[in-house]
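Residue-level structural notes
Here is what each chain is made of, one letter per residue.
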Amino acid sequence: RVIEKRYLQSVDGFIFNSKTTERVVTGLLEIRKPSVVGYPPTDRFYDRMSSEQEIRERAKSDKLRVLFLGNVIYRKGLHTLLNAVKGLRSKVRVDVVGGLKAEPGYAAQIQEFIKANALSSFVFLHGTLDNEPLVEMYRRSHVMVVPSSYEGFGIVYLEGMGFGLPAIGTTAGAAGEVIAHGKDGYLIEPDDAETLAKLLDELANDRELLARLSL
């Protein structure tokens, strides 16, 4: 942190990916520098995004398909999602897309948790996916859940929204700049598996609500 602060103080200005990052960095500076917030682009799959009719039809399908997209590291909160779905096994399917090598110890704990709690019949670890398989995963899913303890921006939330996936993130970090609570997704406290379980159960049972949030 000492080295980081000295480096940040040495530059002439900043382009930030979110207001949250701007607030964090400027809090480290002794002298405020010129800055601008430039949100990252989220249009790489623009021509593949789901239509309104596809979203309405998808919302009627059986199990609620939950997509977690991100490296399997502690900060991303996959453990919170797995704790939330333990009691929803007949109602949900969870697809985890993300690398397992960034924090191998944590990834091993996740795999052991899935085995110990008999979740392997509805929780699937896919590793990283290339563009085409990822697009298909987006199109088949119902809701994006990445309950991170911190996000500097959260591009996956917006990317998922392009396919009609309501996003569930946390109140920590920049997810609140992306997700409008109760309109296109939900914000929960970090590590709040109980609230997450209630929200997923509600979406699994109320497909009109799911369709409304998706659209």
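To be clear, the structure that these remarks concern was listed above.
To keep things clear, this report deals only with the structure shown in the data block.

Parameters at a glance
- Residues numbered from 1 in each chain as written.
- Predicted model: local features only at pLDDT ≥ 70, side-chain atom pairs only at ≥ 80, totals over all residues.
- Heavy atoms only, no water.
- Buried < 20%, exposed > 50% of the residue type's maximum accessible area, 1.4 Å probe, protein only.
- Helix = DSSP H or I, 4+ residues; strand = E, 2+ residues; numbered from the N terminus.
- Pairing = 2+ DSSP bridges.
- Contact = heavy atoms within 4.5 Å.
- Right-handed = clockwise from strand over helix to strand, strands pointing away.

1. Quick look at the pairing of strand β3 (residues 64-69)
- In terms of burial, β3 is a largely internal element, six of the six residues being buried.
- Alternating positions in β3 separate into two faces, L64, V66 and F68 on one and R65, L67 and L69 on the other, with burial throughout.
- The sheet contact formed by β3 and strand β4 (residues 92-97) spans six bridges and is parallel. Paired with L69 across the two strands is V97, which belongs to β4.
- Bridge count between β3 and strand β6 (residues 143-145): two bridges; the pairing is parallel.

2. Re the environment of L129
- Residue position: L129 is located in the loop between β5 (123-127) and α6 (131-140).
- When its relative accessible area of 26% is taken as the criterion, L129 is described as partly exposed.
- Measuring from C-alpha to C-alpha, the distance between L129 and G99 comes to 9.0 Å, with 30 residues separating the pair along the chain.
- Look past the residues within four positions of L129 in its chain and what remains in contact with it is V97, L134 and M137.

3. Section: the pairing of β5
- Examined bridge by bridge, β4 and β5 share four bridges and lie parallel to one another. Residue pairing in the sheet places D95 in a bridge with F124 of β5.
- In this region the chain leaves β4, passes through helix α5 (residues 104-116) and returns to the parallel neighbour β5; the handedness of that crossover is right-handed.

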